[in-house]
Amino acid sequence: SLASGSHLPASAEKAVAMPRAVSGNSDAERTAERMPSAAAGVGDLDDIGSGHGVVAQSPAGPSEQAHPPTALVESAGGNAACMSPSKASSSSPSGQQSSDLEAGTISNESADGKPDDDEAMEYDDASGVNPFVLMYTKQVPGRWPCACTWCGLLLAIAVTAAGVVLMPPDVETDFGAFMKTDVNTSIMRDAFLYSLSERHKDDGRRLAGRLYINFDLTLAYGLPAQAAPQTSFFDRDVLSHVFRLESHLRSLPAWQEMCLKSPVNEQSLCQTGLSFANYALPSLTRTNGEIVPSSFTFDGTGSESVPHETTVRLLQQHDLVQFLMPNGFDSKNYSTTFVRTVFRFKRLWCCRTDSSTKIREASGMHRAEWSTFVQETVIPTLQAAARGNVDGQPWPLQLYFDGDSVASTEVMDTLQGDLRLACGSVLFVFAYLIFHTRSVLLGFVGLVLITLSVPLSYVAFAVITGSRELHIASFLSLFLIVGLGSDVVFVYNDFWNESATLGKSQTGRLAWTMQHAGKASLATSATTAVSFFANLASVLKPLRDFGFFMGLCVMLVWILLSSLFLPLCLLNERFCRCACLRDTCSASR
């Protein structure tokens, strides 16, 4: 129809050249709205629907043609269609550009000065958002949300794994450390007590050029509350129960292997040990059929007990009363309800001429071997005996035990049990995260980021402080950070869902959510971290370490969630709608 050469008067050019509306109506509807306006501008204009084309005449003269920004062309079906200025110009007879386009008078703005769809969307995205935040979200998470989320997660995992492997933590299980200060007076007192304890040690082993390391194990026996009033450990029947437990321990293969590593002249301390039963039930050695024994062997295998006076005198002679009998024991009253047994495993540590590096390596090797022996052999056997079971048989006595690495091993076992209980709370939080976010992906990755902040905080703690020592209280961070981190997840998820109602693009929603949710969650996270950092003023080193470690956990969980969880929300909405648990997940399409 444009080829027919028909022209509109100049007075109708503006009416026909009305720009497209910003509303959501279809092209046909917008064309129908423009057609009456064009007809109203020209009184003698032929019927627009008759098939004649519509071309505006340039005010400059009949020889110059001016094309409106959008020319109306009748489609094959009779409906009006929109044609761009470039297409209209190419279909015109002269093929010339519009004078208005050459003069630059036609813009992307409508008659009232409002921007078009793209500029309006950009204007809406920038409204109420910091320019730096908008630029960051457009360039990083808005452009590469998948790489930002998964590469960031893999990087955090790699840094954490490398840090834990290269700097393994040393867990301090001594609760008494919370009672020690590190002021100058306390340090001087500890140094004096250590020097005093070293002063009373035998120097012969050091003069010989070899250093030994000792590992002790102490067992304490008590009579049950239902025992008869006159029952005592001087009774042979009671001593037989003590001997049965100690014989079972000495028969264990791991016990025998560990004992054989001691010097030959020291193996009796771990084979028979220092036991009250050994002195009360010694084995008698008779020669040539004599009735009177020629010697005693204090091994607890005797069939009959020696007189009580003889047992007490032997203990006093070997200066063992303070080790085997309870405090306040009356040597004239042959009755007691508590006795002790001590075993010692002695190992060659190193020579005086060895380097400090070799000494440290040997010490670590021996201590690790002893800890494994205690954890896998000693403690399970003694715990079974404490429950009344020795080698599958009932055992009626009360049992208490202590020794090197025993307390730390029990604390670590208890800690592992608490961590297993923590897994139950983590599962509950995981279920609620899925319920609140209505997405399995958001719930799972959010929980991974929360728990990842704990080992990552240890790596940062070790790098900053140069110390690998973690006190037992630091493991409380798992319980605390799960709750604190879940709150940050809820804030970001709720703000992201709210941004869908603002008419912004996805990049604009990212910027708006990061500014508003980040500001809200940063305020709570920062105040919580500062409250933990306040413990740095304490004179108790364990409390300072705990406060600094927890402060790092709070800040790192906010950083991880702010940088990785928000792009994940965009990925979840783009690609995981089928896994969404509610219909509103697709409301922002």
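One numbering rule holds for all chains: residues counted from 1, following each sequence as written. Predicted model: local features are reported for residues with pLDDT of at least 70 only, side-chain atom pairs are reported and counted for 80 or more only, and whole-chain, interface and lining totals are derived from all residues. Based on all heavy atoms of the structure, the side-chain values leave hydrogens and waters out of the count.

## Considerations on the overall build of the protein chain
Filter applied, for reference: The numbering of helices and of strands both runs from the N terminus, where a helix is a DSSP run of H or I of at least 4 residues and a strand a run of E of at least 2. Two residues form a contact once any of their heavy atoms are found within 4.5 Å.
A tally of regular secondary structure across the protein chain gives 21 helices and 12 strands. Across the protein chain, every contact between residues at least 6 apart in sequence was considered, and the portion connecting residues at least 24 apart equals 71%.

## A word on unusual backbone geometry
What counts here: Burial here depends on accessible area, computed with a 1.4 Å probe over protein chains only, as a share of the maximum for the residue type. Under 20% is buried, over 50% is exposed, and the range in between is partly exposed.
One non-glycine residue, S405, lies in the positive phi region at around 70°. Secondary-structure assignment places S405 in the loop between β11 (398-403) and α17 (406-437). With a relative accessible area of 23%, S405 lands in the partly exposed category. Unlike most non-glycine residues, R438 shows phi in positive territory, near 60°.

## Here we look at the sheet that holds strand β4 (residues 210-222)
Short version of the rule: Pairing between strands is defined by DSSP: at least two bridges between them are needed. Note on geometry: axes are C-alpha line fits, over the in-contact stretch for helices, and angles between N-to-C directions span 0 to 180 degrees.
Spatial ordering of the open sheet is given by β5-β8-β4-β11, a layout of four strands whose pairing is antiparallel. The sheet is open, and its two edges are formed by β5 (274-275) and β11, each paired on a single side. Judged from the 13 bridges that link them, β4 and strand β8 (residues 338-351) form a sheet pairing that is antiparallel. Paired with N214 across the bridge in β8 is K346. Against the sheet, helix α11 (residues 253-260) makes contact with β4 and β8, and its axis sits at roughly 50° relative to β8, the strand it touches most.

## Regarding a nonpolar patch on the surface
Counted only if it meets this: The patches described consist of residues with a relative accessible area above 30% and no salt bridge, like charges being joined within 9 Å and nonpolar side chains (Val, Leu, Ile, Met, Phe, Trp, Tyr) within 5 Å. Note on areas: Shrake-Rupley with a 1.4 Å probe; residue coverage comes only from the protein chains shown. Whenever Lys or Arg places a side-chain nitrogen within 4 Å of a carboxyl oxygen from Asp or Glu, that contact is recorded as a salt bridge.
Among the surface-exposed residues, L476, F479, L480 and L484 lie close enough to one another that they form a single nonpolar patch of about 320 Å² accessible area. Structurally, L484 is set in helix α19 (residues 477-499).

## Remarks on the nonpolar core
Put simply, the rule is: For this analysis, a nonpolar core means a set of buried residues of the types Ala, Val, Leu, Ile, Met, Phe, Trp, Tyr and Cys, connected via side-chain atoms within 4.5 Å.
Within the largest apolar cluster, 57 residues are counted, with the highest numbers of intra-cluster contacts made by I481, L561 and F565. Secondary-structure elements contributing two or more residues to this core are α6 (131-139), α7 (145-166), α17, α18 (440-465), α19, α20 (506-533) and α21 (541-575). For this core, the leading source of residues is α21, giving 18 residues. Excluding its chain neighbours within four sequence positions, the residues that come into contact with L561 are G446, L449, I450, G485, V488, V489 and L566.

## Observations regarding the environment of S538
Relative to the assigned elements, S538 resides in the loop between α20 and α21. On the basis of relative accessible area, S538 is assigned to the buried category, the value being 18%. The sequence separation of S538 and D182 amounts to 356 residues, and the corresponding C-alpha distance is 9.9 Å. Excluding its chain neighbours within four sequence positions, the residues that come into contact with S538 are L543 and R544.

## Overview of the side chain of S499
To keep it simple, the criterion reads: We call two N or O atoms a polar contact when they sit within 3.5 Å, provided that within protein one can donate a hydrogen and the other can accept it, with sequence-adjacent residues counted only if both atoms are side-chain atoms.
Considering the arrangement of structural elements, one finds S499 in helix α19. Among the polar contacts made by the side chain of S499, one reaches the side chain of R509 at a distance of 2.9 Å. With residues near it in sequence (within four places) discarded, S499 still touches R509, W512 and T513.

## A few points about the pattern of salt bridges
Inspection of every chain in the model, using the stated rule, returns eight salt bridges. Measuring nitrogen to oxygen at the nearest pair gives 2.7 Å for the salt bridge that ties R509 to E573. Linking R509 in helix α20 with E573 in helix α21, this pair joins segments that are 64 residues apart in sequence. The exposure classification of R509 matches that of E573, with both residues buried.

## What to know about the confidence of the model for the protein chain
For clarity, the cut-off: Confidence of the predictor at the level of single residues is captured by pLDDT, which takes values from 0 to 100.
In this model, the protein chain carries a mean pLDDT of 75, and residues with pLDDT of at least 70 account for 73%. In this model residues 203-208 is a low-confidence stretch, pLDDT under 50, and it forms five contacts with partners more than four residues away in sequence or in other chains. Low pLDDT, under 50, characterises residues 583-589; the predicted model gives this stretch eight contacts beyond four residues in sequence or across chains.

## A few points about the pairing of β4
As judged from the six bridges shared by β4 and β11, these two strands associate in the antiparallel manner. Among the inter-strand pairings, L217 is bridged to a residue of β11, identified as G403.

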